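What follows is each chain in one-letter form.
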Amino acid sequence: MLNIISCSRRPVLLFACALTFTAQALAQEPTAAAAVTDADNPSAPTAEVESLSVDPVEVEPVEPPLTAPSSSLSSELRSLEALDRALSSKEHQVRQVQQQLIAAEDSVTQQELTEQLRELKSELEKQRRQFEKFAVNIDLRPFIDEEAQAFNWQNELSKLLKPIIAELENATKESRAIGELRAQINEVEERKTLATEAAARLNTLLAQQPSPALRTRLQTRLDEWQRIATDTNNRYAALELQLNKRLAERESVLEETTDYAKRFVRTRGLNLVMAISAFALVFIGVRWLANAVRRFSPKATEKAFSTRLTTLLLHVFSVLGGLVAMMLVFNLAGDWFMLGIILIFLIGIGWASIHTLPSQLETVRLILNIGPVREGEHLLFNGLPYRVDSLAFTARLVNPLLDGGLQQMPVKHLVGHISRPVGAAEPWFPTQTGDWVELADGHLGRVMHQSPSRVILREPGGAEVTYLTDRFVALNPRKLSDGFRISTRFGIDRQHQAIATTEVPEQMHAALEQGLAEVLEQATPQPSLQSLQVRFAQATEATLEYLIYLDLSGAAAPLVPTLHTDIQRILIDTCNAQGWHLPLNHIGVHQLSN
């Protein structure tokens, strides 16, 4: 064993030491091949012997430095001695099962012992490799032949992910090793405790003076459990020594993070800078080419389908070509970790695009101006009318009657909308700034501000009312600035029926024309009264009703709330001057006979 340690300190002889030790370990099981051969022969002598199989404990060896101090070397020797004792115990257990298999008499026992022997040999091989790895302090995987396997896409994908997982494992190697050692110590400690309790129990039973046959069987079991207790105690000591050594040599979290960052920059920093530069070069170059094509294209073909298609393909290639350039840089540098990251990123984008493929196709149709929304047409967006000014990777919507009526957005926001041709004299908004309007909710005011977000009305007297623009449109604003009509009713008593269609309308018309002219002149110097009509409407049992129509210009819009009362006042004064009576409600009383 000391020869193995001394060999591990000479890198030139590492492989020779590994082969020498493996040959010595294999020489210690002379009957292994014969036992496996005899297990397949049902005519071999048999005898049923009870045995107990112990699950293997994976021991992660500590990798000692090549020039370790004497105290560290002594600790490693103690660990090797503990591992050697566990290995010798497992080899002895294998030989016992082989002897039991030779002496087995029935096929059932032979089958059970054969399976048990196969498991023990597998455990023994694992422990030998663990001992070998800890003794020679090298990676033994290149010396282990792997069986050829059929093609499996899941395995190929795992190979692609292997560099990434290996990088993550390397970053957390020390913490995971300490965690695994602690978990193994807890498991072995539990086994050691249970084995000790089992041996104590068997000693108690043997102290009760059992029969000779029972004593023999109990003594056999006691020897087995004592062996298990000794084995687990040796493993516990080896694992505890390894854990203490790792804890003593462990760096702080900050130092580990700093060291990993330095290693990453030193090993992959240059590759990453070169890959980003390649991506930027291809991306900017292709985008410059796309802008040049659009800039030097004739004005007549600037918005043609061929120009749009060329621009779209160049923009797509600028991204895909940049990614391909990055992958080529990582491939030439042999950096499979970063290459795997790029491939996983592309696979993730492709998988996500499957669910949004219909929307992406619709976006492409909009960019090419062959979709349901076309340039130059009328589009209702967020409840407001817009003219589609341009369509490309961004959409430009314009409403010339709104303050800030220009909206630019990604063209994908127009997916699901439909445009139509613009009417010959179709207005882009019901009102303009400065118009007087009357809304369905009864508010009357002047439009002081209108934008895609809100409309502000200033009522007579100065109060301002704010509406959301779509809410304002929904209230069906009545525009008064271009002229409006006021209509009202007035009635007199039926006793004036003789002059109801001649003198009364004439007198009312003359009085209203004179009185309203004075009212309107006070509000605006310009003539506002455009027409005045007084018409007989109908006769009821007590009333002769007249309709008054008043057409005014937009300058009189602020007087709308008072004009109705002015008309009633002027007509009352006319009735008083002419001696006309107003209609009264008549109440009739009728006596009912029995």
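Residues numbered from 1 in each chain as written. Predicted model: local features only at pLDDT ≥ 70, side-chain atom pairs only at ≥ 80, totals over all residues. Heavy atoms only, no water.

## A few points about the overall build of the protein
Item 1. Scanning the protein from N- to C-terminus turns up 15 helices and 13 strands.
Item 2. When the 594 residues of the protein are sorted by exposure, 36% land in the buried category.
Item 3. The long-range share in the protein, meaning contacts at least 24 apart out of those at least 6 apart in sequence, stands at 68%.
Item 4. Counting every atom, the protein has about 35000 Å² of accessible surface; 57% of that belongs to carbon and sulfur. (Helix = DSSP H or I, 4+ residues; strand = E, 2+ residues; numbered from the N terminus. Buried < 20%, exposed > 50% of the residue type's maximum accessible area, 1.4 Å probe, protein only. Contact = heavy atoms within 4.5 Å. Areas by Shrake-Rupley, 256 points an atom, 1.4 Å probe, with all protein chains shown as cover.)

## Considering the side chain of Thr363
Item 1. Following the sequence through the fold, Thr363 ends up in helix 12 (residues 357-367).
Item 2. Aside from chain neighbours lying at most four places away, what touches Thr363 is Val411, Lys412 and Val415.

## Considering helix 11 (residues 336-355)
Working note: α-helix, 3.6 residues per turn, so residues spaced by three or four point in the same direction.
Item 1. Here helix 11 spans 29 Å end to end across 20 residues, near enough to the 28 Å set by a 1.5 Å rise per residue.
Item 2. Taken together, the buried positions of helix 11 are occupied by Phe337, Met338, Leu339, Gly340 and Ile342. (Expected span 1.5 Å × (residues − 1).)

## Examining the nonpolar core
Within soluble globular proteins, side chains that are nonpolar tend to cluster in buried spots.
Item 1. Residues Phe484, Ile492, Met508, Leu512, Tyr546 and Leu552 are the most contacted members of the largest nonpolar core, which totals 30 residues.
Item 2. Contributions of two or more residues to this core are made by strand 11 (484-493), helix 14 (503-523), strand 12 (529-539), strand 13 (543-552) and helix 15 (560-578).
Item 3. The element contributing the most residues to this core is helix 15, with six residues.
Item 4. Ranked by size, the runner-up nonpolar core spans 27 residues in total, among them Leu366, Phe381, Leu384 and Tyr467. (Core = buried A, V, L, I, M, F, W, Y, C linked by side-chain atoms within 4.5 Å.)

## Details of the packing of helix 10 (residues 305-333) against helix 11
Item 1. Put simply, helix 10 and helix 11 touch, their axes get as near as 8 Å, and they point 155° apart. What the angle tells us is that helix 10 and helix 11 run roughly antiparallel. For the pair helix 10 and helix 11, the sense of crossing is left-handed. Contacts between helix 10 and helix 11 pair Leu323, Met326, Met327, Phe330 and Asn331 from the former with Trp336, Met338, Leu339, Ile342, Leu343 and Leu346 from the latter.
Item 2. Residue classes in the contact of helix 10 with helix 11 are distributed as ten nonpolar, one polar and no charged. (Axes fitted to C-alpha atoms, helices over the stretch in contact; angles between N-to-C directions. Parallel < 35°, antiparallel > 145°, perpendicular 65-115°, else oblique. Left-handed = near helix turned anticlockwise from the far one by under 90°. Nonpolar A, V, L, I, M, F, W, Y, C, P; charged D, E, K, R; others polar.)

So, to be careful, I would describe these as geometric facts and stop short of saying anything about function.
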